[in-house]
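Chain by chain, the residues:
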Amino acid sequence: KEHLNLTCHVVRRQQKQIHDLRAQLDTLSINMDGKLLWKITDYASRFAKSKLEDEYELRSPVFATSRNGYRLQVSAFPNGNGSGEGTHLSIYIRTVSGENDSLLRWPFIHPISFTLLDQAEDGLKPSHVKECFTPDPTWKNFQRPSRDVYTLGYGYPTFVSHVFLKTKNYIKDDTLFIKVEVDCSKINNII
Amino acid sequence: KEHLNLTCHVVRRQQKQIHDLRAQLDTLSINMDGKLLWKITDYASRFAKSKLEDEYELRSPVFATSRNGYRLQVSAFPNGNGSGEGTHLSIYIRTVSGENDSLLRWPFIHPISFTLLDQAEDGLKPSHVKECFTPDPTWKNFQRPSRDVYTLGYGYPTFVSHVFLKTKNYIKDDTLFIKVEVDCSKINNII
Amino acid sequence: KEHLNLTCHVVRRQQKQIHDLRAQLDTLSINMDGKLLWKITDYASRFAKSKLEDEYELRSPVFATSRNGYRLQVSAFPNGNGSGEGTHLSIYIRTVSGENDSLLRWPFIHPISFTLLDQAEDGLKPSHVKECFTPDPTWKNFQRPSRDVYTLGYGYPTFVSHVFLKTKNYIKDDTLFIKVEVDCSKINNII
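Fair warning: this is a prediction, and the values are worked out from it, not measured in the lab. (Residues numbered from 1 in each chain as written. Chains lettered and ligands numbered in written order. Predicted model: local features only at pLDDT ≥ 70, side-chain atom pairs only at ≥ 80, totals over all residues. Heavy atoms only, no water.)

S.K.: So, the interface of chain C and chain A: which residues are in play, and what are the values?
M.R.: The accessible area lost on association of the parts is a frequent measure of interface size. In this complex, chain C contributes 27 residues to the contact, which on the side of chain A involves 32 residues. Across the interface of chain C and chain A, roughly 2400 Å² is buried in total on both sides, 54% from carbon and sulfur atoms. Per-residue buried area on chain C facing chain A is highest for Leu21, Arg105 and Ile190 of chain C; these three make up 23% of the total on that side. Inspection of the chain C/chain A interface yields 2 salt bridges. A salt bridge links Asp122 of chain A to Arg144 of chain C; its shortest N-O distance comes to 2.9 Å. The tally of links from chain C across to chain A stands at 12 residue pairs in polar contact (both at pLDDT 80 or more). Residue composition of the side of chain C that touches chain A, by class: 12 nonpolar, 9 polar and 6 charged. (Contact = heavy atoms within 4.5 Å. Buried area = accessible area lost by both parts, 1.4 Å probe. Salt bridge = Lys/Arg side-chain N within 4 Å of Asp/Glu carboxyl O. Polar contact = N/O pair within 3.5 Å; in protein donor to acceptor, adjacent residues only side chain to side chain. Nonpolar A, V, L, I, M, F, W, Y, C, P; charged D, E, K, R; others polar.)

Given below as structure tokens:
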């Protein structure tokens, strides 16, 4: 009986250790070069789900402009929202709060690009689709982020149409790739 | 009874696996670009502790000049030591032993800077405090490090005074940031 | 009894969590700059084993040309194979399959170098040994890799002789270092 209690105690402690390892690992897994290659697998089933659930939103891993820089996250709506609802894949990006927000300049004003990648066969020139924008300092979306307030961010309700997405090799093996890039050249490099 | 013994055995094995994961994760967490942003939280209580305990030393995470490069660690004494005792925050840096010391050139002779960061409000120009030095080849501190011998390293007993530290936003939300940078431009890049 | 069953259940769940953490950590541990510093410890015993077992092969960690780039792995045969059998250390490299192979251009045609590092004493100029090659597009070795087919890759059956390896400080503390570098300058940077 005592033996069992002791074992139980060790198991509970291990559960906490595993939890801590996961948190540290997730932080380490963040891309830190202002680039995100977002691989969306099982696209057909996600698209079907998106048609059924109005608010169905896919969220990318968080990525950062540098080790201690801005943190960002992308959202995709396979069946579209706003002006793209039912016809387009919509895509948005927002800043999320990080460890060093007090050292960063706000609002976030650096250019961002979204690229839908064409998984072209060997020998064929891939035909990627790219959209860029530069956040305006007056936009609410890119102010110093708060942990409590959720914003959709800025983006493209009509990024690419469902019809267009079926052309080329944008979807291959039921998988789609979206590349997101932040132009970090004007970010103050003190941190 | 047998069932319990078996479970016990699995739990012991898991403890070792968790320990190994932690070690690998800690190695991976090391900054490898010659830069360290050291965030010191709960500064008030650390400062109070430093006033009571003479030898109270804060140690930064180890960081490296490249993936396989030199490893360094910073120490801070909130209440000061040496000529700064009781009046200044003292700060030091030393080389620590790593996996590839046999491939590196010794002594370590590359310029190092310490910067106390000002967490200025949006719109205000931050007023950081920076000190630099280049290790002299004759110094004992930057010879090939040994695992057994502890050295304090080189640094500034009077880095910033306690009075000065209360100005601007050097401390904000009870948190202080110190940036450490190694000039890696002259490090032989064979490894 | 019930208590034991519950504990057992938790332990089984933890085993899966530990396994997942290991997999994620291994992915994160991959070098992503087209460079590998391969440290081979316990060389004497590995060499002895290689003399006894014909197929004894050391495999390096997998490394990548960029976060989402090509993945490669090096093999070494301490007692040699092919034309180097019994007299040389043989070394080979091959592409291995990764997450983003459908976005990469194939075959792999980028220059690769192997360097045996001299762990020279302080003050002595190290005398490293370097071999380079550029894969030919017609070679089978560097086509799009498959998860099922194993290829030895391309390399040097007579990289360095056993006699030569005993000179200088190529082996020090029973440890040998091989540096592998891919020239990534011509790799399309869309991903």
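S.K.: How would you explain the pattern of salt bridges if you had to name every residue and give the values?
M.R.: The full count for this structure, using the stated rule, is 21 salt bridges over all chains. Across the pair Glu99 of chain C and Lys39 of chain A runs a salt bridge whose closest N-O atoms are separated by 3.3 Å. Pair noted here: Glu99 of chain C is in the loop between strand S5 (88–96) and strand S6 (112–116) and Lys39 of chain A is in strand S1 (residues 35–40), and the two residues belong to different chains. You can call Glu99 of chain C partly exposed: its relative accessible area is 49%. Judged by relative accessible area, Lys39 of chain A falls into the partly exposed class, the value being 28%. (Helix = DSSP H or I, 4+ residues; strand = E, 2+ residues; numbered from the N terminus. Buried < 20%, exposed > 50% of the residue type's maximum accessible area, 1.4 Å probe, protein only.)

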